[in-house]
Amino acid sequence: MQHYVKGFSKLSKEEKINWITTTYFTNSEAAKDILLNYLNSDDSLQKLHDEFIENTLTNFYLPYGVAPNFTINGKSYTIPMAIEESSVVAAASKAAKFWGERGGFKTTIINTEKIGQVHFLFQGTAEKLSTFFNQIKPKFFSDTADITKNMEKRGGGILNIVLKDKTHEIGNYFQLHATFNTKDSMGANFINTCLEQFAKTLEQQALEYADFTEDERAVQIVMSILSNYVPNCLVRAEVSCPIAKLSESEVIDAHEFAQKFATAVRIAEIEPYRAVTHNKGIMNGIDAVVLATGNDFRAVEAGVHAFASRSGRYSSLSHVSIQDDIFTFWLEVPLALGTVGGLTSLHPLVKFSMELLGKPSAEELMQIVAAAGLAQNFAALRSLTTTGIQQGHMKMHIMNILNQHQATKEEKQKVLDYFKETTISHSLVVDYLEKIRK
Ligand code: MEV
């Protein structure tokens, strides 16, 4: 059946909820209750959330947890994480403690350059366009002076604008490729506003340029938009220790562990099927902190995976070296993050996260996020190359299974006690639950 609604966005929230629940649900009252249960009782807080997007019906919760005991460049942090996957926070905390006892995470900012492009068509030669571009280049800066004034006061602004000839790929296609420093803001609005002004300047200047023919004057702007591919907005996180210190128990030999761990990383370096899952584990840590600090995780995801493919083959973001009995494990990731602007001054939990992290600069946040990603990757690889992933994963997931089956507090305790020592799987947990219910 087709359900078409006209002017939905103009309806009140109550009308929207009524239309949705009566149109799509057999038990519309129960459906309505679900939506209403997730609304905040504080009206002003709810209004804030309502206004983040269009057509808000309710709120969608994710657990907000913390991973304590991170030591990054000698400073200790408790890192906020918003994520639904059972084992992620536990794994991050465990890795943080492990590396905290071995010198902690060392992080460095490699660069903080952001990118934006004006894509346009020009009906003339690249040489003629290049002469024109070089003549009018200062105009791009002067025409955006009002937009860049405040950013420049904070030490940022437009770094450079270059003309790129892409006509070998698409006929008449050129770009203005601009680089920016947006300091503590993620900078999307700043960059896009600058780019749209560049496009106007380009159009106007071309119209007035005496050496152009009529066709050449009619520059066609296709679009002006920042790029989420930011390979020069890069951070590195590293941990290292003597191999002998790697093993926590006598069961696993430290040298064997180091070698197996390094092989696991090399597999992710050369095998894309493994690299995607390996990097997904890194993103478990990265996304959770990016979300908890109100940053754009889609932008980060898109940019990180493009970076992982930069050689032409999708590969691991992290690497290992074993030299003179020293085990070093590191990653480099592009992260365009902000600690001012966007949601950072609006969402109460984001403000909470920022205070918890000691009000970091964007550069400091990049380093915290990278450390969380490396911690997560270390925890996953350690499990994978020793006990297998299911042991830790199912230990955390067991509560979800019990809740799915409406287990009582007593039933939960009995199941948890029983599975302390035995293999956990969904069906084994359900079978055991049924057994104790009989
Ligand atoms: C699960 O969310 C993440 C892992 O699959 C990562 C990995 O395999 O490295 C455990």
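Structure report, in brief. On a predicted model such as this, the values are computed, not experimentally measured, just so you know. (Residues numbered from 1 in each chain as written. Predicted model: local features only at pLDDT ≥ 70, side-chain atom pairs only at ≥ 80, totals over all residues. Heavy atoms only, no water.)

**Some remarks on the overall build of the protein**
When its secondary structure is counted, the protein shows 16 helices and 10 strands. Overall size of the protein, expressed as C-alpha extent along the three principal axes, is 90 × 70 × 40 Å. Here the protein holds 438 residues, and the buried ones make up 44% of them. For the protein, long-range pairs separated by at least 24 residues make up 70% of all intrachain contacts whose partners lie at least 6 apart in sequence. Of the accessible surface of the protein, which amounts to about 23000 Å², a share of 52% is contributed by carbon and sulfur atoms. Side chains of the protein carry 43 positive and 49 negative charges; the gap between the two charge centres is 4 Å. (Helix = DSSP H or I, 4+ residues; strand = E, 2+ residues; numbered from the N terminus. Buried < 20%, exposed > 50% of the residue type's maximum accessible area, 1.4 Å probe, protein only. Contact = heavy atoms within 4.5 Å. Areas by Shrake-Rupley, 256 points an atom, 1.4 Å probe, with all protein chains shown as cover. Lys, Arg positive; Asp, Glu negative; His and termini not counted. Charge placed at Lys NZ, Arg CZ, Asp CG, Glu CD.)

**Examining the site of the ligand**
As a matter of local geometry, the ligand sits amid Glu-85, Arg-274, Thr-277, His-278, Lys-280, Gly-281, Asn-284, Ala-380, Leu-384 and Ile-389. In this structure, an oxygen atom belonging to the ligand sits 2.6 Å away from a side-chain N or O atom of Lys-280. Between the ligand and Asn-284, the relevant distance is 2.9 Å, taken from an oxygen atom to a side-chain nitrogen or oxygen of the residue. Burial of the ligand by the protein chains amounts to 83% of its free accessible area of 300 Å². If you list the elements that add at least two residues to the shell around the ligand, you get α10 (272–292) and α13 (362–385). Counting residues per element, the shell around the ligand draws most heavily on α10, which supplies six residues. Tallied by class, residues from the shell around the ligand come to three nonpolar, four polar and three charged. (Near = heavy atom within 4 Å. Polar contact = N/O pair within 3.5 Å; in protein donor to acceptor, adjacent residues only side chain to side chain. Nonpolar A, V, L, I, M, F, W, Y, C, P; charged D, E, K, R; others polar.)

**A short note on the nonpolar core**
With 67 residues, the main nonpolar core has Phe-70, Phe-327, Phe-329 and Leu-335 as its most contacted residues. In terms of residues, this core owes the most to one element, α13, which gives 12 residues. Phe-140, Phe-174, Phe-190 and Leu-226 belong to the second-largest nonpolar core, a separate cluster that totals 27 residues. (Core = buried A, V, L, I, M, F, W, Y, C linked by side-chain atoms within 4.5 Å.)

**Considering the packing of helix α14 (residues 389–404) against helix α16 (residues 426–437)**
Running from N to C, α14 and α16 cross one another at 50°; their axes reach a closest spacing of 10 Å. The angle between α14 and α16 places the two elements in the oblique class. Where α14 crosses over α16, the handedness of that crossing is right-handed. Here Met-394, Ile-398, Ile-401, Leu-402 and Gln-404 of α14 lie close against α16, whose contacting residues are His-426, Val-429, Val-430 and Leu-433. Taken together, the residues of the contact of α14 with α16 sort by class into seven nonpolar, two polar and no charged. (Axes fitted to C-alpha atoms, helices over the stretch in contact; angles between N-to-C directions. Parallel < 35°, antiparallel > 145°, perpendicular 65-115°, else oblique. Left-handed = near helix turned anticlockwise from the far one by under 90°.)

**Describing the sheet that holds strand β4 (residues 114–121)**
Pairing in this open sheet of four strands is antiparallel, and the strands run β5-β6-β4-β7 from one edge to the other. Every interior strand has two partners, whereas the edge strands, β5 (157–165) and β7 (220–227), have only one. Geometrically, the sheet is characterised by an average inter-axis angle of 15° between neighbouring strands, direction not taken into account. Relative to β7, β4 is paired through seven bridges, and the arrangement is antiparallel. In the strand pairing of β7, Phe-120 is matched with Ile-221. With respect to the sheet, helix α5 (residues 126–143) is in contact with β4, β5 and β6 (173–181), its orientation differing from that of β5 by roughly 170°. (Pairing = 2+ DSSP bridges.)

**Re the state of the cysteines**
Applying the stated criterion across every chain yields a total of zero disulfides. Looking at Cys-194, it has no disulfide partner, and the nearest cysteine sulfur is the one in Cys-233, 16 Å off. (Disulfide = S-S within 2.5 Å.)

**Side note on the environment of Ala-210**
Note on placement: Ala-210 falls in the loop between α7 (188–208) and α8 (214–217). Taking the C-alpha atoms as reference, Ala-210 lies 28 Å from Gly-116; in sequence the two are 94 residues apart.

**Concerning unusual backbone geometry**
Here Asp-325, not a glycine, exhibits a phi torsion of approximately 65°, which is positive. Note on placement: Asp-325 falls in the loop between β9 (318–323) and β10 (326–334). Non-glycine residue Lys-359 carries a positive phi angle of around 50°. Tracing the sequence through the fold places Lys-359 in the loop between α12 (348–356) and α13.

**Re the packing of aromatic side chains**
Enumeration over the complete set of coordinates arrives at 28 aromatic pairs. Centroid distance Tyr-64 to Phe-352: 6.1 Å. Interplanar angle 75°. Geometry classified as edge-to-face. With a gap of 288 residues between them, Tyr-64 in strand β1 (residues 64–72) and Phe-352 in helix α12 connect regions that are remote in the sequence. A residue is classified by how much of its surface remains accessible, and Phe-352, at 48% relative accessible area, is partly exposed. For the ring pair Phe-257 and Phe-378, a centre distance of 6.5 Å and an interplane angle of 85° mean the geometry is edge-to-face. Taken as a pair, Phe-257 in helix α9 (residues 254–270) and Phe-378 in helix α13 lie far apart in primary sequence, 121 residues in all. The same class applies to Phe-257 as to Phe-378, namely buried. One aromatic cluster in this structure is built from Phe-98, Trp-99, Phe-257, Phe-261, Phe-327, Phe-329 and Phe-378. (Phe/Tyr/Trp six-rings, centres within 6.5 Å; stacked < 30°, edge-to-face > 60°.)

**A word on the packing of α5 against α7**
Two numbers describe how α5 lies on α7: the axes approach to 10 Å, and their chain directions differ by 135°. As judged from the angle between their axes, α5 and α7 are oblique. Between α5 and α7 lies a crossing of right-handed hand. Within the contact between the two elements, α5 uses Phe-132, Ile-136, Lys-139, Phe-140 and Asp-143 and α7 uses Gln-197, Phe-198, Thr-201, Leu-202, Gln-205 and Ala-206.

**Observations regarding the environment of Arg-102**
As for its placement among the helices and strands, Arg-102 is situated in the loop between α4 (88–100) and β3 (106–112). Separated by 144 residues in sequence, Arg-102 and Leu-246 place their C-alpha atoms 8.9 Å apart. Apart from the residues within four sequence positions on either side, Arg-102 is in contact with Ser-240, Cys-241, Lys-245 and Glu-248. Among the polar contacts made by the side chain of Arg-102, one reaches the main-chain carbonyl oxygen of Lys-245 at a distance of 2.8 Å.

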